[in-house]
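# Results of the structural survey
Here is how the chains run, residue by residue.
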Amino acid sequence: MDFQPEFHFCPVCGGELRSLVLKETEPARLVCGSCEFVFYQDPKVAACSIVEQDHRIVLLQRSINPQKGKWVIPGGFVDRGEEVIKAALRETEEECGIKTRIKHLLGVYSYPGRPVVVVVYVAEHLSGELIVGDESMAMKLVSPEAIPWEELAFPSTVDALKDYVAHLR
């Protein structure tokens, strides 16, 4: 696979970044040709919740790309310095309008060639009425047997829900 950098200039001095293998056991890194700063392109972390309410779970239909129109569990990116578990609670409240409590960690999902690591928790609804947030066009509560598998966005959504259903059995 060819390494195509997303960034071209050094954030320290503005020099040109080039792709170099610094250690043969590691992938190529972006290195500044002027000041030799190594620009590590670390993964992004997303925190999600499978929210249980009345023996059903919350699904959101995305109103934005990528995967516009597909169904997901509530979640989003963790802010720098934010606890992952707090991000899951925050994202669920922003996207659904409800307060939740984390019951347990379900799993951590990552895929070759993809920059996002997804941390998924199982949560329970505590208070508030479900709403459709600004990144969704619809919301629904579904039983685990009624999950719309063919209409789900992202491999992590599918894998997390499969793990959740298996955990229920």
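Each remark here, short or long, concerns the structure printed above.
Residues numbered from 1 in each chain as written. Predicted model: local features only at pLDDT ≥ 70, side-chain atom pairs only at ≥ 80, totals over all residues. Heavy atoms only, no water.

## Some thoughts on the overall build of the chain
In terms of helices and strands, the chain carries two helices and 10 strands. In the chain, the succession of α and β elements from N to C terminus is β-β-β-β-β-β-β-α-β-β-β-α. Principal-axis analysis of the C-alpha atoms places the extent of the chain at approximately 60 × 30 × 30 Å. Considering the chain as a whole, with its 169 residues, one finds that 36% of them fall into the buried category. Of the contacts formed within the chain by residues at least 6 apart in sequence, a portion of 58% connects residues at least 24 apart. (Helix = DSSP H or I, 4+ residues; strand = E, 2+ residues; numbered from the N terminus. Buried < 20%, exposed > 50% of the residue type's maximum accessible area, 1.4 Å probe, protein only. Contact = heavy atoms within 4.5 Å.)

## Notes on the pattern of salt bridges
All chains considered together, the criterion is met by eight salt bridges. Notably, a salt bridge pairs R90 with E82, separated by 2.7 Å at the nearest N-O pair. Between R101 and E124 there is a salt bridge, and its shortest N-O distance comes to 2.5 Å. One end of the pair, R101, is in strand β8 (residues 99–109); the other, E124, is in strand β9 (residues 116–127), and 23 residues separate them in sequence. Taken together, the shared-partner salt bridges in this structure form one network comprising D79, E82, R90, E91 and E94. (Salt bridge = Lys/Arg side-chain N within 4 Å of Asp/Glu carboxyl O.)

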